[in-house]
Amino acid sequence: MDMSIAAMSVDLHLAQTQQDFGIAVMKMAMKTDSELAEEALQAVENLDPVRGQNIDVLA
């Protein structure tokens, strides 16, 4: 299993490119999830802005 330095270099660069792509996709997914969560919270607050402001600690 003899591999040339050039072939190893190409393989390492390909692996790095795949890893960078995976990280970029994950960041996009996290950003989308964060934006959706913010929109959901704003929608709930718009329904009843007072809801969740008071907590009954004696219950």
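This structure is a prediction, so every number in the text was calculated from the model and none was measured. (Residues numbered from 1 in each chain as written. Predicted model: local features only at pLDDT ≥ 70, side-chain atom pairs only at ≥ 80, totals over all residues. Heavy atoms only, no water.)

A. Expanded view of the overall build of the chain. For the chain, the helix and strand inventory stands at one helix and zero strands. Residues classed as buried in the chain amount to 0% of the 59 residues present. Total accessible area computed for the chain in this model is approximately 5,900 Å², and 64% of it derives from carbon and sulfur atoms. (Helix = DSSP H or I, 4+ residues; strand = E, 2+ residues; numbered from the N terminus. Buried < 20%, exposed > 50% of the residue type's maximum accessible area, 1.4 Å probe, protein only. Areas by Shrake-Rupley, 256 points an atom, 1.4 Å probe, with all protein chains shown as cover.)

B. Region of the structure containing a nonpolar patch on the surface. On the surface, Met3, Ile5 and Met8 cluster together into a nonpolar patch covering about 330 Å² of accessible area. Structurally, methionine 3 is set in the segment before α1 (5–47). (Patch = residues over 30% accessible without salt bridge, like charges linked within 9 Å, V, L, I, M, F, W, Y side chains within 5 Å. Salt bridge = Lys/Arg side-chain N within 4 Å of Asp/Glu carboxyl O.)

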